[in-house]
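Here is what each chain is made of, one letter per residue.
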Amino acid sequence: MGIQIEFNPDLALRKYGIKGRLETECFPQKLEEGKVYSFLKKGQRNYWLEGEIPLLETKGNQNLSRPLASIIILEATHFLKDNEAYTKGKYKVIDVFKINDLEIHFESYRRK
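Presented here is an overview of the structure given in this document. (Residues numbered from 1 in each chain as written. Predicted model: local features only at pLDDT ≥ 70, side-chain atom pairs only at ≥ 80, totals over all residues. Heavy atoms only, no water.)

## Considering the overall build of the chain
1) Next: Broken down by element type, the chain carries zero helices and nine strands.
2) Next: For the chain, the succession of helices and strands along the chain, N to C, is β-β-β-β-β-β-β-β-β.
3) Next: Compactness check: the chain gives a C-alpha radius of gyration of 14 Å against a globular reference of 13 Å for 112 residues, within 12% of the reference.
4) Next: On the principal axes, the C-alpha backbone points of the chain span a range of 40 × 30 × 25 Å.
5) Next: Element-wise, carbon and sulfur atoms account for 48% of the exposed surface of the chain, whose accessible area totals about 8,000 Å².
6) Next: The average position of the 19 basic charges and that of the 16 acidic charges among the side chains of the chain differ by 4 Å. (Helix = DSSP H or I, 4+ residues; strand = E, 2+ residues; numbered from the N terminus. Rg over C-alpha atoms; globule rule 2.2 N^0.38 Å. Areas by Shrake-Rupley, 256 points an atom, 1.4 Å probe, with all protein chains shown as cover. Lys, Arg positive; Asp, Glu negative; His and termini not counted. Charge placed at Lys NZ, Arg CZ, Asp CG, Glu CD.)

Okay, structure coming up:
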């Protein structure tokens, strides 16, 4: 048995208000530049802490949107709940992108 760790180049959250999901698993109702929000993800996840990463929307099964914002992960903590690993933390919104924006904001992990 190995240690299962996922390395995430982005933070992917659910659409606001998804039934059966905690508030921290979803986008805030209004995403604002400069504000700090909490997040919760199932599994032991590692995020890059030294620069901006994209914030995406997930519908599950790795079905991800284009970047909706640029964020900085301020903290990420692993913990166990009911014998399952979770990652919780805080992120700060640097820039919110326009809906249906076709501009490329990230090249891999680098912000353009």
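Okay, back to it.
## So, the sheet that holds strand 3 (residues 36–42)
1) Next: Read across the sheet, five strands follow the order 2-5-6-7-3 without closing on themselves; strand pairing throughout is mixed. Edge positions in the sheet fall to strand 2 (11–13) and strand 3, since each of these pairs with one other strand and no more. For this sheet, the mean angle separating the axes of adjacent strands, direction not counted, is 35°. (Pairing = 2+ DSSP bridges. Axes fitted to C-alpha atoms, helices over the stretch in contact; angles between N-to-C directions.)

## Regarding the environment of lysine 88
1) Next: Summarising the element assignment, lysine 88 is placed in strand 7 (residues 84–96).
2) Next: Every residue in contact with lysine 88, bar those within four places of it in the chain, is listed here: Phe39, Leu40, Glu75, Ala76, Thr77 and Phe79. (Contact = heavy atoms within 4.5 Å.)

## Things to note about unusual backbone geometry
1) Next: With phi around 60°, glutamine 62 is a residue other than glycine that occupies positive phi space.
2) Next: When you line up the elements, glutamine 62 lands in the loop between strand 5 (53–57) and strand 6 (69–81).
3) Next: Positive phi values are uncommon outside glycine, yet aspartate 82 reaches one of about 50°.
4) Next: Topologically, aspartate 82 is positioned in the loop between strand 6 and strand 7.

## Considering the side chain of serine 70
1) Next: Counting through the fold element by element, serine 70 comes out in strand 6.
2) Next: Residue classification places serine 70 among the buried positions, given a relative accessible area of 0%. (Buried < 20%, exposed > 50% of the residue type's maximum accessible area, 1.4 Å probe, protein only.)

## Some remarks on the packing of aromatic side chains
1) Next: Inspection of every chain in the model, using the stated rule, returns four aromatic pairs.
2) Next: Judged by centre distance (5.6 Å) and plane angle (75°), the ring pair of phenylalanine 39 and tyrosine 47 falls under edge-to-face. Like tyrosine 47, phenylalanine 39 is buried.
3) Next: In this structure an aromatic cluster arises from ring pairing among Tyr37, Phe39, Tyr47 and Tyr91.
4) Next: When the ring centre of phenylalanine 79 is taken as reference, the NZ or CZ atom of lysine 88 above it lies at 5.2 Å. (Phe/Tyr/Trp six-rings, centres within 6.5 Å; stacked < 30°, edge-to-face > 60°. Lys NZ or Arg CZ within 6 Å of the ring centre and 35° of its normal.)

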